[in-house]
Amino acid sequence: RSGQSQRGQTYSVLLRWNFGYDCGSFDRESYQSHRQNGSNGDQAAKYGRNTELKSITLGTPKVAFSAALYETGSGDTGPFNTATPLKYKKVFSNIGSNYSPATGIFTATVKGMYFFRFSMFNNLLSTPNSVVRLMKNSDPVVTVWDVSGSDANDMGSNAAAFLLEVGDTVYVELVANRQIYDDGANYNTFTGFLLFTL
Ligand SMILES: [Ca+2]
C-alpha cells in the first residue's frame, strides 16, 4: 500500500515537471486550477500559457464562405460611375456567416490569417474593359484586368493571404466605368476562409 502511494507521488511530481517544461514557465496556481477543473475549457483558457494547449481545449473557429455573382439570370454588371462592391448572391457556403450576400462584404470576427480568391469574366461587349480587385477595408490588395475588343470573354483570377483584425472587412470591387458578365455558369466567384488564428 505504501508502495502505491509512493509511486503516485512520484508520478505527480513528474507530471508537474513536464507541464511546467512544456509551457515554458511553471506556475503552481495555474497548474492546480487546471488539474482541479479537468477538461473545463474556460479554466484552461484562463490559466493556460501555451497557445497549443488553448487550441486543443477551445478548438479552432470555423470560418469559410464561397459565392457566385448571380443567384439567377445572366447579363452584365456595370459600368458604374464609382467603384462598387460586387454582391455575390449565389452562396455555396457561409460557415460562420461572416460573408453578407446583401452587401458582398466579409467581416472578420476572429483575428487570424485568411485566404481569399476571386475570379472575373470579361463582358461580351467590346467596351468597356473589365477591372476587378480584392479590397481589404478601403485598400486594394490584388487585381484582375482584361482588355476587351477582338479578344472578349476572357477570364482571370487572383488570390491573397493576409492578416485580419476583428472588424476588418474584405470585398471584391468593380472598378469605376468597368463591366463584367456572368450567367448560370458562375464565372465570377468570391471565396475566403480562415487559415489559422493569431
Ligand atoms: Ca481580353
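This structure is a prediction, so every number in the text was calculated from the model and none was measured.

Q: Would you mind showing me how to read the nonpolar core here?
A: In globular proteins that are soluble, nonpolar side chains generally tend to be buried together. The biggest cluster of nonpolar side chains holds 30 residues, and the ones touching the most others in it are Ala67, Tyr88, Phe118, Met120, Val132, Val172 and Ile180. Those elements that provide at least two residues to this core are strand S1 (64–68), strand S7 (112–121), strand S8 (130–136), strand S11 (169–174), strand S12 (180–182) and strand S13 (189–197). It is S7 that contributes the most residues to this core, five residues altogether. If we skip the residues at most four places from it in the chain, Tyr88 touches Ala67, Ala68, Leu69, Pro101, Gly104, Thr189 and Phe190.

Q: Explanation requested: the sheet that holds strand S10 (residues 155–164) in the structure shown.
A: For sheets, the rule is that strands pair by backbone hydrogen bonds, running either parallel or antiparallel. Taken in spatial order, the five strands make up an open sheet running S4-S1-S13-S7-S10, and their pairing is antiparallel. Sheet topology places strand S4 (90–95) and S10 at the edges, where each strand pairs with a single neighbour. Sheet twist, expressed as the average angle between the axes of neighbouring strands with direction ignored, equals 10°. Across seven bridges, S7 lies against S13 in antiparallel orientation.

Rules used in this analysis
Residues numbered from 1 in each chain as written. Predicted model: local features only at pLDDT ≥ 70, side-chain atom pairs only at ≥ 80, totals over all residues. Core = buried A, V, L, I, M, F, W, Y, C linked by C-beta atoms within 7 Å. Buried ≥ 20, exposed ≤ 12 C-beta atoms within 10 Å, placed from the backbone. Helix = DSSP H or I, 4+ residues; strand = E, 2+ residues; numbered from the N terminus. Contact = placed C-beta atoms within 7 Å. Pairing = 2+ DSSP bridges. Axes fitted to C-alpha atoms, helices over the stretch in contact; angles between N-to-C directions.

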